[in-house]
Amino acid sequence: MIKVVDLQKRFGTLRVLNGITNEVREGEVVCVIGPSGSGKSTFLRCLNLLEIPDGGQIYFDGVEITDLKKVDINQIRAEMGMVFQRFNLFPHMNVVENICLAPLKVRKCSREEAEARAYDLLRKVGLQEKALAYPDTLSGGQQQRVAIARALAMQPKVMLFDEPTSALDPEMIKEVLDVMKELAKEGLTMVVVTHEMGFAREVADRVLFMDEGLIIEENTPDQLFNSPQHERTKLFLSKIL
Amino acid sequence: MGYKWDLSVVVRFLPVLLQGAALTIQLTCIAVGMGILIGTFVGIGRVSKNKLLYTLSSIYVTFIRGTPMLVQLYLVYFGLPAYFGTIPPRMAAIITLSVNSGAYVAEIVRAGIQSIDRGQLEAARSLGMTYSQAMRYVLIPQTFKRIIPPLGNEFIALLKDSSIVSVIALEELVRKGSMIAGRTFRAFEIWTAVALLFLCMTLPITQLVNYAERWLKQND
Ligand SMILES: Nc1ncnc2c1ncn2[C@@H]1O[C@H](COP(=O)(O)OP(=O)(O)O)[C@@H](O)[C@H]1O
Ligand SMILES: [Mg+2]
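Attention in this report is confined to the structure presented alongside it. (Residues numbered from 1 in each chain as written. Chains lettered and ligands numbered in written order. Predicted model: local features only at pLDDT ≥ 70, side-chain atom pairs only at ≥ 80, totals over all residues. Heavy atoms only, no water.)

### Quick look at the overall build of chain B
Basically, it comes down to this: Starting at the N terminus, helices and strands are each numbered in turn, a helix being any DSSP run of H or I of at least four residues and a strand any DSSP run of E of at least two. Note on classification: 1.4 Å probe, protein chains only; a residue is buried when its accessible area is under 20% of the maximum for its type, exposed when over 50%, partly exposed between these limits.
Helices and strands together make up the secondary structure of chain B, namely 9 helices and 0 strands. Each helix (α) and strand (β) of chain B, taken in turn from the N terminus, gives the series α-α-α-α-α-α-α-α-α. Taken along the three principal axes of its C-alpha coordinates, chain B extends 75 × 50 × 25 Å. Evaluated residue by residue, chain B yields a buried proportion of 46% over its 220 residues.

### Things to note about the side chain of Arg117(A)
Residues and elements named next belong to chain A. Filter applied, for reference: Pairs of N or O atoms are called polar contacts if they sit within 3.5 Å, as long as, within protein, a hydrogen donor faces a hydrogen acceptor (for residues adjacent in sequence, only side-chain-to-side-chain pairs). Residue contacts follow a heavy-atom distance rule, with two residues in contact if any of their heavy atoms lie within 4.5 Å.
Locating Arg117 in the fold gives a position in helix α4 (residues 111-124). Among the polar contacts listed, one links the side chain of Arg117 to the backbone oxygen of Ala153, at a separation of 2.6 Å. In contact with Arg117, other than residues within four places in its own chain, are Pro103, Cys109, Ala153 and Gln155.

### Focus on the layout of surface pockets
All names here are of chain B. Where we set the bar: Buriedness of a pocket was judged along seven lines, with at least five required to meet protein on both sides within 12 Å; pockets are open sets of points on a 1 Å grid over the protein atoms alone, cavities are sets where a 1.4 Å probe fits but cannot get out, and lining residues have an atom within 4 Å of a point. Grid points are joined across faces, edges and corners, and a volume is the space filled by probe spheres set on the points. When residues are sorted by character, Ala, Val, Leu, Ile, Met, Phe, Trp, Tyr, Cys and Pro go into the nonpolar class, Asp, Glu, Lys and Arg into the charged class, and all the rest, Gly among them, into the polar class.
Size it by volume and the largest pocket reaches roughly 650 Å³. At 4 residues, the largest contribution of residues to the lining of the largest pocket is made by helix α7 (residues 131-161). The class makeup of the residues in the lining of the largest pocket is 7 nonpolar, 6 polar and 6 charged. Taken as a whole, the second largest pocket holds about 440 Å³ of empty space. Along the wall of the second largest pocket there are 18 residues; nearest its centre are Lys49, Arg118, Leu121, Glu122 and Tyr131.

### Observations regarding the pattern of salt bridges
Heads up, the rule is: A side-chain nitrogen of Lys or Arg and a carboxyl oxygen of Asp or Glu constitute a salt bridge if their distance falls within 4 Å.
For the coordinates displayed, the defined rule picks out 25 salt bridges over all chains. A salt bridge links Glu175(A) to Arg145(A); the shortest N-O distance between them is 3.0 Å. In this pair, Glu175(A) is assigned in helix α6 (residues 170-185) and Arg145(A) in helix α5 (residues 140-152), connecting sequence segments 30 residues apart. Residue Arg145(A) is classed as buried on the basis of its relative accessible area of 10%. A salt bridge links Glu122(B) to Arg118(B), with the nearest nitrogen and oxygen atoms 3.4 Å apart.

### Quick word on the interface of chain B and chain A
Bring the parts together and some accessible area is lost; that lost area is often taken as the interface size. Defined as follows: The buried area of a pairing is the accessible area, by a 1.4 Å probe, that goes missing from both parts when the two are put together, added over both.
Each side of the interface is counted separately: chain B has 17 residues, and chain A has 24 residues. Carbon and sulfur atoms make up 60% of the area that chain B and chain A hide from each other, which totals about 1,700 Å². Its largest share of buried area at the contact with chain A, chain B owes to Ser126(B), Leu127(B) and Tyr137(B), together 36% of the area lost on that side. If you look at where chain B meets chain A, you find 1 salt bridge. Measuring nitrogen to oxygen at the nearest pair gives 2.8 Å for the salt bridge that ties Arg45(A) to Glu122(B). On inspection of chain B and its partner chain A, the count reaches 6 residue pairs in polar contact (both at pLDDT 80 or more). Mapped by element, the contributors of at least two residues to the side of chain B that touches chain A are α6 (118-126) and α7 of chain B. Residue contributions to the side of chain B that touches chain A peak at 7 residues, all from α6(B). In terms of residue class, the side of chain B that touches chain A is built from 7 nonpolar, 7 polar and 3 charged.

And the structure:
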């Protein structure tokens, strides 16, 4: 579904991605782990072109999306949902308006259709009673669940999560992870940058370990966590497990 | 030392001064209204990635903010007729004040947009919205609230600066004061009255701005 070939990204003289090659298959859940600053966020943001790569190619459903002259960047992003560490809900809109905005303006859905789906999604993330609440009245965990619903409202083919629980108080992490597990169970394709090793173990089909802009090692969670091959993976896991 | 205050002059000419104040308010309201219209577009241009839009809006803002309003007024009133024929003073005043205000409002709008967290634009774009959709539905509505206090200050500044149009014979508050003072030789009384009238106009707005700032602090 997403194929990445020799992806490179620099910020000025800082080389953040140094040639990443990988493929995410349909229905797969891929977790990305690695030390802070290793380029995980940048990798994810390149996938939906929030960052424009400096080299290499990304194919989405067989189409090269890094060929910016040939593709409609907005149409591609509409097919990829993204959930951010800091939620980024629109504070001037209530929950339903947050969820409906993109379907209305990008997909040109009718209001009835958009709202019906919004309420369905809210039920799914367990927040139907918060439909008319404003983001600043919600807890972090609730905001993040709304953000997930907002991304899902576009019916994306793949969801990208960038440390969705790292800004949350510990007692709220579970409610967000539970929603994500549910999505994984339904067969949604997901790429998840996370420090939640328990989640990765339980849900991931494959785990990528990144360091210094490269994928150092990748494997099934069992293999990667129980018998890491690479020194740097071992060092990283020993620090966080 | 022996100067005796004669307040009857003020009382007698108060209606005339109030007429002037009315024109001052009228000119300022029109100019700030137009300024908001101009400033919104120019302010958006100032954060645009489009080189042409950015350059044009930057030149405009730099020129207006870097030159005296008096010179701008002369340019419009005495300069533009070279191309457009005579311009009535009132028209020249409105054009000058609006164009001037537009530049300052543009900077307010630019700062407002740039004060919004980057994540908002990214979230909007990640949902497939175009840059203009993200601006229109996500960023601009959030800047409204934030720019209310600086817009209030701009209104106060323009209210005071609008007195400059007295030099092209528009009978706003300062011009009226000047006329009456010249006729009655009661400069001290009249100019005190003019100053107080300005205060009567600016103080309520200052209060509103303060109130808005407090309200925003609570709600942000
Ligand atoms: N927009 C940017 N401009 C400059 N440097 C950046 C930018 N985004 C990220 N970086 C740098 O790139 C490196 C990798 O960042 P990131 O992808 O966020 O890592 P991670 O998500 O693994 O912590 C870091 O050194 C970071 O400071
Ligand atoms: Mg990161």
